[in-house]
Amino acid sequence: MSDSGRRIRRLDARDPDFLSTLDALLAFEGSADARIDAAVTEILGAVRTTGDPAVIEYTRRFDRLDVKSMAELELPRSELRAALDSLTVEQREALRIAADRVRIYHERQRAESWDYVEADGTRLGQKVTPLDRVGLYVPGGRASYPSSVLMNAVPAKVAGVGELIMVVPTPNGEKNPLVLAAAAITGVDRVFTIGGAQAVAALAYGTQTLPQVDKIVGPGNAYVAEAKRRVFGTVGIDMVAGPSEVLVISDGSGHADWVAMDLFAQAEHDELAQSILLCTDAAFLDAVEASIERLLPTMPRRETIAASLANRGALIHVASLEQACAIANRIAPEHLELSLDEPEPWIDRIRHAGAIFVGHWAVEALGDYCAGPNHVLPTMRSARFSSPLGVYDFQKRTSIIQISEAGAQTLGRIASTLAHGEGLQAHARSAEMRLHK
Ligand SMILES: NC(=O)c1ccc[n+]([C@@H]2O[C@H](COP(=O)([O-])OP(=O)(O)OC[C@H]3O[C@@H](n4cnc5c(N)ncnc54)[C@H](O)[C@@H]3O)[C@@H](O)[C@H]2O)c1
Ligand SMILES: N[C@H](CO)Cc1c[nH]c[nH+]1
Ligand SMILES: [Zn+2]
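Residues numbered from 1 in each chain as written. Chains lettered and ligands numbered in written order. Predicted model: local features only at pLDDT ≥ 70, side-chain atom pairs only at ≥ 80, totals over all residues.

Peer 1: Before we go on, may I ask you to explain the overall build of the protein in this structure?
Peer 2: Scanning the protein for helices and strands turns up 17 helices and 15 strands. For the protein, the C-alpha atoms occupy an extent of roughly 85 × 60 × 45 Å along the three principal directions. When contacts within the protein are restricted to residue pairs at least 6 apart in sequence, those whose partners lie at least 24 apart make up 75%. (Helix = DSSP H or I, 4+ residues; strand = E, 2+ residues; numbered from the N terminus. Contact = placed C-beta atoms within 7 Å.)

Dropping the structure here:
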């Protein structure tokens with residue numbers, strides 16, 4: 001890579017040691033770093049013990065914001081509204097349309113309560129309720145993410161969450177008007193300009209000014225991820241998000257520049273972001289590599305892109321699309337692009353991916369902003385067992401068990417037998433006492 005002297009690696013899936021090379025490339029334990037561990041331990045402890053003063057001190061230290069009170073770190077609704085008014089018509093429309101599309105998609109995810117009645121009058125069911133109070137973490141260190149406000153706040157509102165408290169760091173006091181406008185559009189209730197582990201701690205434990213929430217959602221850097229992992233149990237969390245990832249599967253039918261730019265789009269997030277291309281056509285891999293060389297110097301974030309591609313990227317020659325799908329399932333990427341002329345038959349071959357983008361026109365950047373589905377997706381191979389952020393993350397379920405007198409006779413005998421088998425006599429007797437003599 002001419003810009004930095006570092007190149008994206010070329011691999012061949014037919015090499016005997018390919019899978020071990022791939023596994024080494026995928027391995028990522030961001031928050032296992034001892035330095036991050038120690039910093040997060042200190043920050044969580046301090047905020048838990050002293051509350052506002054610790055948050056103020058860490059915000060001064062890490063975001064260079066010098067304030068006397070926590071109240072100065074809360075933005076009034078009028079400021080959110082003013083930010084919305086300050087946007088160009090084009091920006092306001094883009095935010096509104098994106099928010100509408102995300103809302104329409106997520107409305108289909110809302111679960112409803114249900115029940116059924118058995119012949120003897122016993123009623124069983126599940127009551128679905130929204131969470132009372134949720135904290136939204138919006139990243140703000142290296143870049144600003146109005147789209148993340150939409151992706152977190154919209155499903156929360158669709159679920160009917162009682163109160164949404166957003167935190168977003170504003171390094172050097174620089175506020176991003178689009179982020180504040182997105183908070184206004186989506187009806188976020190309170191916004192604090194705090195970030196990092198101190199913001200996660202404030203939401204998890206509560207402070208004199210900021211009330212404790214029930215769940216914290218939203219992506220962030222390694223400090224945020226580790227802090228979320230540690231407060232889980234005190235509060236709920238959506239997931240522990242790692243750096244962004246994209247995997248492109250190509251048969252050489254697309255445009256090399258398009259694919260190169262799709263790899264850049266993920267790499268520009270973070271030096272640890274992961275962009276991988278699997279392709280059946282060696283000549284197309286050469287063409288994408290040439291596009292990378294040519295286009296990289298034109299990119300404002302070329303340093304980050306170059307580092308990300310060199311650290312964790314790869315252009316991989318595969319023998320077939322079947323092999324590409326098998327490798328994709330091993331990677332379980334956050335985003336998967338099927339960059340194929342005929343992509344449909346391959347959708348069912350993909351078992352593990354946060355989101356599948358189908359065909360040359362379905363580029364991940366559209367999903368990041370406005371297609372409709374959520375852009376907060378499982379990373380670090382967790383698509384094997386978890387799902388995109390959705391309305392279901394803001395709802396909880398309670399079982400309803402209403403047993404009729406007749407039902408208690410049948411179930412009482414079964415419960416009594418099983419309870420004696422477990423040696424739990426009080427359980428048995430409490431069921432037996434309701435049996436007719
Ligand atoms: N998965 C997604 O949907 C998604 C969306 C947007 C962003 N992201 C990711 O979120 C991340 C955002 O990271 P970011 O850094 O830009 O913003 P961030 O808001 O996550 O982190 C900034 C905060 O980190 C803390 N911090 C920085 N250095 C520290 C130190 N030395 N000690 C203690 N705390 C420190 C500070 O408190 C600062 O406020 C990126 O990795 C990006 O790729 C993911
Ligand atoms: N690609 C990110 C998730 O991995 C989301 C995002 C926000 N803004 C741009 N992209
Ligand atoms: Zn992105």
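Peer 1: Sorry if this is basic, but what is going on with the site of ligand 2 here?
Peer 2: As a structural note, the neighbourhood of ligand 2 is formed by Tyr145, Ser147, Ser148, Ser244, Glu334, Asp368 and His375. Taken together, the residues that form the shell around ligand 2 break down as 1 nonpolar, 4 polar and 2 charged. Mapped onto the domain boundaries, the shell around ligand 2 takes at least three residues apiece from domain 1 (9–28 + 243–371) and domain 2 (32–237). (Near = placed C-beta within 6 Å. Nonpolar A, V, L, I, M, F, W, Y, C, P; charged D, E, K, R; others polar. Domains from an automatic or database assignment.)

Peer 1: Would you take a moment to explain the site of ligand 1 for this structure?
Peer 2: For ligand 1, the set of nearby residues contains 26 residues, the closest of which are Gly141, Pro169, Gly195, Gly196 and Gly220. Residue-level mapping places the shell around ligand 1 at the junction of two domains, with at least three residues from each of domain 1 (9–28 + 243–371) and domain 2 (32–237).

Peer 1: Help me understand helix H6 (residues 146–159) in this model?
Peer 2: The α-helix advances 3.6 residues per turn, and as a result positions three or four apart in sequence lie on the same side. Here H6 is 14 residues long and its end C-alpha atoms lie 20 Å apart, about the 20 Å a rise of 1.5 Å per residue gives. H6 sits mainly inside the fold: 13 of its 14 residues count as buried. Of the residues flanking the end of H6, it is Gly160, one or two places downstream, whose phi is positive at about 95 degrees. (Expected span 1.5 Å × (residues − 1). Buried ≥ 20, exposed ≤ 12 C-beta atoms within 10 Å, placed from the backbone.)

Peer 1: Explanation requested: helix H8 (residues 196–205) in the structure shown.
Peer 2: With 9 of 10 residues buried, H8 is to be regarded as a mostly interior element. Those residues of H8 that fall on the buried side of the exposure criterion are Gly196, Ala197, Gln198, Ala199, Val200, Ala201, Ala202, Leu203 and Ala204. Among the residues trailing H8, Gly206 stands out with phi positive, at a value near 80 degrees.

Peer 1: Help me understand the environment of Tyr369, please; the structure alone is not making it clear to me.
Peer 2: The residue Tyr369 is located in helix H15 (residues 364–369) in this model. Looking at Tyr369, the number of C-beta atoms within 10 Å reads 18, which means it is partly exposed. Along the chain, Tyr369 and Val102 lie 267 residues apart, while their C-alpha atoms are 9.0 Å from each other. If we ignore the near neighbours within four places in the chain, the residues touching Tyr369 are Ala98 and Ser147.

Peer 1: Help me understand the sheet that holds strand E2 (residues 74–75), please; the structure alone is not making it clear to me.
Peer 2: The strands making up a sheet are joined through hydrogen bonds of the backbone, oriented either antiparallel or parallel. Taking strand neighbours across the sheet as the criterion, the 6 strands line up as E2-E7-E6-E5-E8-E9 in an open arrangement whose pairing is mixed. What marks the edges here is a single partner per strand, and that holds for E2 and strand E9 (236–237). (Pairing = 2+ DSSP bridges.)

Peer 1: For this particular structure, what's the right way to read the domain arrangement of the protein?
Peer 2: In many reports, interface size means the accessible area that the parts give up when they come together. Here the protein is partitioned into domain 1 (9–28 + 243–371), domain 2 (32–237) and domain 3 (403–432). Of the residues lining the interface, 4 residues belong to domain 1; the matching set on domain 2 comes to 4 residues.

Peer 1: What should I look at first to understand the nonpolar core in this one?
Peer 2: Burial of nonpolar side chains together is a common tendency in soluble globular proteins. Core analysis: the biggest nonpolar cluster contains 120 residues, and Met166, Ala183, Val200, Leu203, Ile249, Leu277 and Leu278 have the highest contact counts within it. Mapped onto the domain boundaries, this core takes at least three residues apiece from domain 1 (9–28 + 243–371) and domain 2 (32–237). Excluding its chain neighbours within four sequence positions, the residues that come into contact with Ile249 are Leu278, Leu321, Ala324, Ala328, Leu336, Glu337, Leu338, Ser339 and Leu340. (Core = buried A, V, L, I, M, F, W, Y, C linked by C-beta atoms within 7 Å.)

Peer 1: Sorry, what's going on with the confidence of the model for the protein here?
Peer 2: With 98% of its residues at a pLDDT of 70 or more, the protein has an overall mean of 96. Listed scores for the predicted complex are pTM 0.94 and ipTM 0.97. (pLDDT = per-residue confidence, 0-100.)

Peer 1: How do you make sense of the sheet that holds strand E10 (residues 245–250) when you look at a structure like this?
Peer 2: Spatial ordering of the open sheet is given by E1-E12-E11-E10-E13-E14, a layout of 6 strands whose pairing is parallel. One side of each edge strand has no neighbouring strand; the edge strands of this open sheet are strand E1 (9–12) and strand E14 (355–358). Recorded for the sheet is a direction-independent mean angle of 20 degrees between the axes of neighbouring strands. Examined bridge by bridge, E1 and strand E12 (residues 314–317) share 4 bridges and lie parallel to one another. The partner of Arg9 across the bridge, within E12, is Ala314. On top of the sheet, helix H10 (residues 256–267) reaches E10, strand E11 (274–279) and strand E13 (335–339); it is set at about 165 degrees to E10, its chief contact. (Axes fitted to C-alpha atoms, helices over the stretch in contact; angles between N-to-C directions.)

Peer 1: Looking at this structure, how should I read the pairing of E14?
Peer 2: Each regular strand carries side chains that alternate between the two faces of the sheet. On E14, burial follows the alternation: Ala355 and Phe357 on one face are buried, whereas Ile356 and Val358 on the facing-out side are not. Examined bridge by bridge, E13 and E14 share 4 bridges and lie parallel to one another. Within E14, the residue paired with Leu336 across the bridge is Ile356.

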